[in-house]
Protein chains: 2
Amino acid sequence: MKHENNLFEIDEGTCDIKVIHEESINKVKEELLDDDTYHELEETFKIFGNSTRLKILSLLAVEDLCVCDISEVLKMSQSAVSHQLRTLRSKNLVKYTKEGKQARYSLADKHVIEILKIGIEHVLE
Amino acid sequence: MKHENNLFEIDEGTCDIKVIHEESINKVKEELLDDDTYHELEETFKIFGNSTRLKILSLLAVEDLCVCDISEVLKMSQSAVSHQLRTLRSKNLVKYTKEGKQARYSLADKHVIEILKIGIEHVLE
DNA sequence: TTTATATATGAGTATATGTTCATATGTACA
DNA sequence: TGTACATATGAACATATACTCATATATAAA
């Protein structure tokens, strides 16, 4: 093992590069979470990574609404809104109750508002 | 204006639907932020909506690293990592200093860890 | 039952995104 | 000056996504 100030030569790696910081690598490796967690994190943040969904969530943070209300406020087609609500439902961020012909949507997850708030703080700073 | 328990008929709308909850709509409209804010929010959350970037950010939360270290820990190509670091730089989430041939990356934004933490709390609950 | 309304959904399309591959740029060292 | 290394980047490609359009489903009212 040939050392040069914190550097370490390895024979094989993902890329052709041969010199790395061994101690740092061992340290950060231990702190990495498992792949499933990162995948779930990815899925969660992806939901918030779309302005239509963000708007729907902030509307529902104020008051429960039916599909038509949302589509009217956002000036978007009923279909587009319904598709996004489906996405939000599939990730358990919103829920709904049928009221006659209508479907009244509301936030399903207590973390939604918190995540929104942190994001808003960040972009408005 | 014809009222039927909180409902209101409108002549024209984005979609063909005619009956909405007028009061709710007016209320939530006022709470909506402006489009620019939602667009920025979207951009921010999109960055976090990718597991490679999430992993890079959590590595850098532990310790500053060069491209090769990251590529070694994540078992990903140097090119893929470099492209993602470029994305992270363009959004001002990481910064770097040149050290000889290497580039030592670190977190640039104080909010990164906070957003990560909230997300992890959410998915691990 | 017929008609209108409210929502859901499948298919199609345009755009965005993440990776690979090849190569360029820049630095250190012989 | 030439060679090896560390990183950056453009192009290409495959996949994911967000919308539109058409239509299905479900409920209420006539």
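You'll find the structure just up there.
This report concerns the structure included in the present document. (Residues numbered from 1 in each chain as written. Chains lettered and ligands numbered in written order. Predicted model: local features only at pLDDT ≥ 70, side-chain atom pairs only at ≥ 80, totals over all residues. Heavy atoms only, no water.)

**Focus on the overall build of chain A**
No. 1: Each helix and strand in chain A was counted, giving six helices and six strands.
No. 2: If you list the helices and strands of chain A from N to C, you get β-β-β-α-α-α-β-α-α-β-β-α.
No. 3: Taken over 125 residues, chain A has a buried fraction of 46%.
No. 4: In chain A, 39% of the contacts between residues at least 6 apart in sequence involve partners at least 24 apart.
No. 5: Carbon and sulfur atoms form 45% of the exposed surface of chain A, whose accessible area is close to 6,900 Å². (Helix = DSSP H or I, 4+ residues; strand = E, 2+ residues; numbered from the N terminus. Buried < 20%, exposed > 50% of the residue type's maximum accessible area, 1.4 Å probe, protein only. Contact = heavy atoms within 4.5 Å. Areas by Shrake-Rupley, 256 points an atom, 1.4 Å probe, with all protein chains shown as cover.)

**What about the sheet that holds strand 4 (residues 65–66) of chain B?**
Residues and elements named next belong to chain B.
No. 1: The strand order across the open sheet formed by three strands is 4-6-5, and the pairing between neighbours is antiparallel. Sheet topology places strand 4 and strand 5 (94–99) at the edges, where each strand pairs with a single neighbour.
No. 2: Judged from the six bridges that link them, strand 5 and strand 6 (residues 102–107) form a sheet pairing that is antiparallel. Bridging across to strand 6, Thr97 finds its partner in Arg104.
No. 3: Where helix 5 (residues 78–90) meets the sheet, it contacts strand 5 and strand 6, and its direction lies at approximately 120° from that of strand 5. (Pairing = 2+ DSSP bridges. Axes fitted to C-alpha atoms, helices over the stretch in contact; angles between N-to-C directions.)

**So, the interface of chain A and chain B**
No. 1: Across the boundary between the two partners, chain A contributes 62 residues, which contact 62 residues of chain B.
No. 2: In total, about 5,800 Å² of surface goes out of reach between chain A and chain B, with carbon and sulfur atoms giving 69% of it.
No. 3: Connecting chain A to chain B are four salt bridges.
No. 4: Taken together, chain A and chain B are joined by 16 residue pairs in polar contact (both at pLDDT 80 or more).
No. 5: Every element with two or more residues in the side of chain A that touches chain B is listed here: strand 3 (19–21), helix 1 (22–31), helix 2 (35–48), helix 3 (51–62), strand 4 (65–66), helix 4 (67–74), strand 6 (102–107) and helix 6 (111–124) of chain A.
No. 6: Of the residues forming the side of chain A that touches chain B, the biggest block, ten residues, is contributed by helix 2 of chain A. (Buried area = accessible area lost by both parts, 1.4 Å probe. Salt bridge = Lys/Arg side-chain N within 4 Å of Asp/Glu carboxyl O. Polar contact = N/O pair within 3.5 Å; in protein donor to acceptor, adjacent residues only side chain to side chain.)

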